[in-house]
Amino acid sequence: MQPGAEPRPAGTPRIVGIVWGLLILNTLGSAGAKTIIPLPRSLIQMVTMGALVAAFALALTVNLRLRIRASAYVLLLTLLLVPSVISSANLEAGFGALFRCTRLALFVGTLWLLSRWWDGGLTFVRHHIRMYFAVLGSVAAGLVVSPGAALPDLYGGRLVGALWPLTPPQIGQYAAVIIGLTVLLVLGRRTDRASAAVVIVPSLVLLALTHTRTATLGLFIGLALAIGSLILTSAAARRFFTWAVLCAAVAAVAFSSALQAWFLRGQSQENFSNLTGRAKVWDALLAAPRTTSEQLFGAGLGDKSFGGLPIDNSWLAVYNEQGLIGIALVAAIIIVLGGVALLRPPSLSRACAIFLISYCAIASYTEAGLGDASPYLLHLALAASLLAAPAVAAAATPLSTPEVPRRHIPRWARRSEVT
């Protein structure tokens, strides 16, 4: 039994899971570490873009009548296309900006088509865990086949994808997300502990090997908030929270030096204080002169870099590419999802949504991706599906009055009525 295994909701085609997996494949990216077998970037881009086109086509096939559910999240993503297209049309970022706009449009369109099956259930959670666990399986396979390629000196000995080009932050993000979701499924008794351990234990090992601080903090803080939302209604959540706090306190005392060394990753205090050089890029980006149009709409969708260096901050990346309007829309996404989550009654679906929203909000400080098709937008889409109100079945809607049987009227009586 796999994590979250439960009867598939009626009316949810299996092909929906394939579409979700293709969206995840599309957001894996094409830039990363050197792989054991060199893969041309053009080939990787062909695979990832082909996955998105296939996802849209399959979603359209399974939803030919274009039945969609109202979703503030997808609506805000649709509005985000407006500043993206306006800024990219100037070609300041090159023709690649228009290509990225097309990609974002297909991504959003696919989410609209899938919204028909967003009902607050855990169907998409299972798809999420399974697909990302498969991705982590490829990382583990690369580590076994070629440890040197999977732990290169170029990344300071941090774990990378040796079969598919994945960076340490990407691997850490995938591991942290499925660990958090699986823990919540265990607390909600939607999976057994043995099946959960198969996912959690190797994922924790891979997370530790990536030395990714953002993913680790996002995992712990997100889980704390999610479990906190269940404390009043779940005895299992209360027990887990108590034991987690005790174990964390013991570990902090007994392994303080080892934890500090892991957290610093051998960096100097100066390098750590400026966030591994990120602060310098951020200062340069904010100090760069901009026209009024660039301030409002940005410079067009790009590769999330400035001056040849990665921005590594979702808010500044959105400001650079989609301007102040883009920042307002992304902030609205987080606020709306967070507000809806707080208004929902305590439940496992709500807890999973809180974990995903919290994780994305924390990661947005040192990772880019909230303004373009990315795993972070998929995490938030999953949160939106968990917060959707259950669809009311047609049979449950107002009861129809029983039909009164018609009486047989003799001919002579009918003739007399006419006369």
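Scroll up to find the structure.
So, here is what we can say about the structure in this document.

Definitions and cut-offs
Residues numbered from 1 in each chain as written. Predicted model: local features only at pLDDT ≥ 70, side-chain atom pairs only at ≥ 80, totals over all residues. Heavy atoms only, no water. Helix = DSSP H or I, 4+ residues; strand = E, 2+ residues; numbered from the N terminus. Buried < 20%, exposed > 50% of the residue type's maximum accessible area, 1.4 Å probe, protein only. Contact = heavy atoms within 4.5 Å. Areas by Shrake-Rupley, 256 points an atom, 1.4 Å probe, with all protein chains shown as cover. Salt bridge = Lys/Arg side-chain N within 4 Å of Asp/Glu carboxyl O. Phe/Tyr/Trp six-rings, centres within 6.5 Å; stacked < 30°, edge-to-face > 60°. Patch = residues over 30% accessible without salt bridge, like charges linked within 9 Å, V, L, I, M, F, W, Y side chains within 5 Å. Polar contact = N/O pair within 3.5 Å; in protein donor to acceptor, adjacent residues only side chain to side chain. Core = buried A, V, L, I, M, F, W, Y, C linked by side-chain atoms within 4.5 Å. Expected span 1.5 Å × (residues − 1). Arc of directions from axis to C-beta.

**What about the overall build of the protein chain?**
- Tallying secondary structure elements over the protein chain gives 18 helices and two strands in all.
- Classification of the 419 residues of the protein chain by burial places 46% in the buried group.
- Considering only contacts in the protein chain between residues 6 or more positions apart, those separated by 24 or more positions represent 77%.
- Entry remark: accessible area of the protein chain is about 20500 Å², with carbon and sulfur atoms responsible for 68%.

**As for the pattern of salt bridges**
- Tallied over the entire structure, the rule returns three salt bridges.
- Between Arg278 and Asp312 there is a salt bridge, with its nearest N and O atoms 3.5 Å apart. Here Asp312 lies in the loop between strand S2 (309-310) and helix H15 (314-343) and Arg278 lies in helix H13 (residues 278-287), a separation of 34 residues in the sequence.
- Here Arg278 falls in the buried class, since its relative accessible area comes to 16%.
- Salt-bridge contacts for Lys304 lead to Glu321; the nearest nitrogen and oxygen are separated by 3.1 Å. One end of the pair, Lys304, is in the loop between helix H14 (292-297) and strand S1 (305-306); the other, Glu321, is in helix H15, and 17 residues separate them in sequence. This pair shows no difference in class: Lys304 is buried, exactly as Glu321 is.
- Salt bridges sharing common partners tie together Lys304, Glu321 and Asp372.

**Overview of unusual backbone geometry**
- Positive phi, close to 55 degrees, is recorded for Leu66, a residue that is not glycine.
- Position of Leu66 among the secondary structure elements: in the loop between helix H2 (41-62) and helix H3 (72-88).
- Look at Arg189: it is not a glycine, yet its phi comes out positive at around 60 degrees.
- Along the chain, Arg189 falls in the loop between helix H7 (168-187) and helix H8 (193-210).

**Some words on the packing of aromatic side chains**
- Here the structure, examined in full by the defined rule, presents four aromatic pairs.
- Their ring planes at 70 degrees and their centres at 5.4 Å tell us that Trp282 and Tyr365 sit as a pair that is edge-to-face. Note that Trp282 is positioned in helix H13 and Tyr365 in the loop between helix H16 (348-363) and helix H17 (375-387), a separation of 83 residues in sequence.
- Overall, Trp282 belongs to the buried group, its relative accessible area being 8%.
- Note on Phe355 and Tyr359: the rings are 6.3 Å apart at their centroids and 40 degrees apart in plane angle, and the pair reads as tilted. With a gap of four residues between them, Phe355 and Tyr359 both fall in helix H16, about one helical turn apart.

**Let's talk about the environment of Pro152**
- Among the secondary structure elements, Pro152 is positioned in the loop between helix H6 (147-150) and H7.
- Counting along the chain gives 119 residues from Pro152 to Ala33, while the straight-line C-alpha distance between them is 8.6 Å.
- Non-local contacts of Pro152, meaning those with residues more than four positions away in its chain, are made with Gly157, Arg158 and Val160.

**Considerations on a nonpolar patch on the surface**
- Together, Ile36, Ile37, Val144, Val145 and Leu163 make up a nonpolar patch on the protein surface, roughly 490 Å² of accessible area in all.
- On the secondary structure map, Val144 appears in helix H5 (residues 123-145).

**A few points about the side chain of Asn313**
- For Asn313, the position within the fold is in the loop between S2 and H15.
- Owing to a relative accessible area of 5%, Asn313 belongs among the buried residues under this scheme.
- Engagement of the side chain of Asn313 in a polar contact is seen with the backbone nitrogen of Leu316, the distance being 2.9 Å.
- When sequence neighbours within four positions are dropped, the list of residues in contact with Asn313 reads Trp282, Ser364, Tyr365, Thr366, Glu367 and Ala368.

**Quick look at the nonpolar core**
- Trp20, Tyr73, Leu111 and Leu184 are the most contacted members of the largest nonpolar core, which totals 101 residues.
- The contact partners of Leu184, leaving out residues within four places of it in the chain, are Leu223, Ala226, Ile227, Leu348, Ala351, Cys352 and Phe355.
- Counting six residues, the second-largest nonpolar core is a separate cluster that includes Trp282, Ile311, Ala317 and Tyr319.

**Thoughts on H8**
- Taking 1.5 Å of rise per residue, 18 residues should cover 26 Å, and H8 covers 25 Å from first to last C-alpha, within 8% of that figure.
- All of the buried residues along H8 are Ser195, Ala196, Val199, Ile200, Ser203, Leu206, Leu207 and Thr210. Projected down its long axis, H8 carries its buried residues within an arc of 135 degrees, all on one side. Residues of H8 that are exposed and point over 90 degrees away from its buried face: Arg193, Ala194 and Val198.
- Here H8 starts with a cap whose side-chain oxygen sits 3.2 Å from the backbone nitrogen of Ala194, and that cap is Asp192.

**Quick notes on helix H10 (residues 235-254)**
- Taking 1.5 Å per residue, 20 residues should reach 28 Å; H10 reaches 29 Å between its end C-alpha atoms and fits that length.
- For H10, the N-terminal capping position is held by Ser234, with its side-chain oxygen 3.1 Å away from the main-chain nitrogen of Ala237.

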